[in-house]
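Secondary and tertiary structure notes
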Amino acid sequence: MVPQTRCQLIVFLACTVLLSLPSIDAGPTFECELQKRDDENVCVFRNVVYTKNLTGVTWKAPASKIQHVAFEESKLQTLPKSLLDAFPDLRSLDVPSANLSSVIIPANLERLYASNNMIKQIVVTDTRDRMKMLELILDSNHLHDVSNLTRLAKLEILSLSGNKELTDDGTLELGQFKGMDALRHLLLSDVDAYYVENEKDVSLPELELLDLSNNHLLTSSLRVKVFAPLKKLQILRLGHNQLNNVDVLRLTENNPQLKQIFLEGNHFKCDEQRLILDHLNKSGVEAPVNNRQPRCMLGFDQQDDMCCIATMPVGPPKTEMPKPPKPSNEESDQMTHGMSHSSSDTATGHGNERTTSTVTPPATVPKSNDGKNGAAMVTLGNNSWFGVLLVAAVAKLILF
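This write-up is about the structure you can find in this document. Please read all numbers here as calculations on a predicted model, not as lab measurements.

Before going further, it helps to spend a moment on the environment of Asn245. As for its placement among the helices and strands, Asn245 is situated in the loop between strand 18 (235-237) and helix 3 (248-254). You can call Asn245 partly exposed: its relative accessible area is 30%. For the pair formed by Asn245 and Gln273, sequence separation is 28 residues and the distance between their alpha carbons is 7.8 Å. Beyond its immediate sequence surroundings of up to four residues, Asn245 is in contact with Thr219, Phe268, Glu272 and Ile276.

Enumeration over the complete set of coordinates arrives at three disulfides. Across a sulfur-sulfur distance of 1.8 Å, Cys32 and Cys43 are joined as a disulfide pair. Across the S-S bond of Cys32 and Cys43 the torsion is about 80 degrees, and the bridge reads as right-handed. Taken together, the residues Cys32 in the loop between strand 1 (29-31) and strand 2 (33-37) and Cys43 in strand 3 (residues 40-46) connect sequence positions eleven residues apart. Residue classification places Cys32 among the buried residues on the basis of a relative accessible area of 5%. For Cys43, a relative accessible area of 0% translates into the label buried. Disulfide pairing places Cys270 opposite Cys308 at an S-S distance of 2.1 Å. Since a negative S-S torsion denotes a left-handed disulfide, the Cys270-Cys308 link at about 90 degrees is right-handed. Of this pair, Cys270 sits in helix 4 (residues 270-282) while Cys308 sits in strand 21 (residues 306-309), and the two are 38 residues apart along the sequence. Taken as a pair, Cys270 and Cys308 share a single burial class, namely buried.

Criteria and thresholds
Residues numbered from 1 in each chain as written. Predicted model: local features only at pLDDT ≥ 70, side-chain atom pairs only at ≥ 80, totals over all residues. Heavy atoms only, no water. Helix = DSSP H or I, 4+ residues; strand = E, 2+ residues; numbered from the N terminus. Buried < 20%, exposed > 50% of the residue type's maximum accessible area, 1.4 Å probe, protein only. Contact = heavy atoms within 4.5 Å. Disulfide = S-S within 2.5 Å.

So, in structure tokens, the structure goes:
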């Protein structure tokens, strides 16, 4: 009986110790669902909420060797290392609008789509020669320092549009992308850029498309020589800035591979815009318009599917005053006859004045307010020469 009692005592103590230990939380489990997207099997996680202090998380998939993962309607402070460990064959990751503040780029990841987050930091886990990233979409984040991205030697497409903290005092320096020799598309739209510089003449030897649209570029702050080292540049987007002129002559000389330049939404005068488009057309460069406006703002005219500043006339057109008609022969005879008749009447009236005590002035010659004769204030038509002479003669008579 004693051994049995001892065994019971041991079991009792063991149970007591186990019950006194803190319970270990295994953590939440998230499982994705396979969907067909663009001929790829994508495992989609939904309604995931992940914070940095969350531990013991399990990531599950209905199949092995998952290469494409996407998150929808989820909130993640950062990309969990446990997620990357759970999918060692991961090639593409889509995490839009997930409240991310930082991202980790593993060596085998080829495509990362993380637009509309709050990303300030990018962690590149391996050396240049081992990184396989080809496409990186980081639109509308809060990136300022992108020096880590230069370690992505194989990167071909980089979109940083909408990162308004990317510029330094409004200056966008193309030199910060030095070393990204495989880059073909660089999108820098809406980054609050007032100036574009390339002080070190960084070539980016494979760059074909450069997007600088929706910024604040002025003609005085945009020197086309910054594009000269980009010898393979084919598409240049400068739409919706504040340009009123572009040195397209030098641009086409420096960048002979240029095929398209987008210029809509700027402040060109209509005659300047016409000259620019004529030169581009002669150089074999297209000027496409993405959004054709049916109507332009006040002060703008529509020309070549784009709105341009209307050319205002210098002043109102000059109009010549009509010359008075020359008198006909009949009118000339009447004038001569009137002059002779007026002379005889004047002589007769002068004689009557000597025999008559009172002479009443004619009613057709009014007096002015100051009592002086007002004949000079009467305005007559161009053809009333006879009346003019008659009035003058009578006025002279009155003065005498």
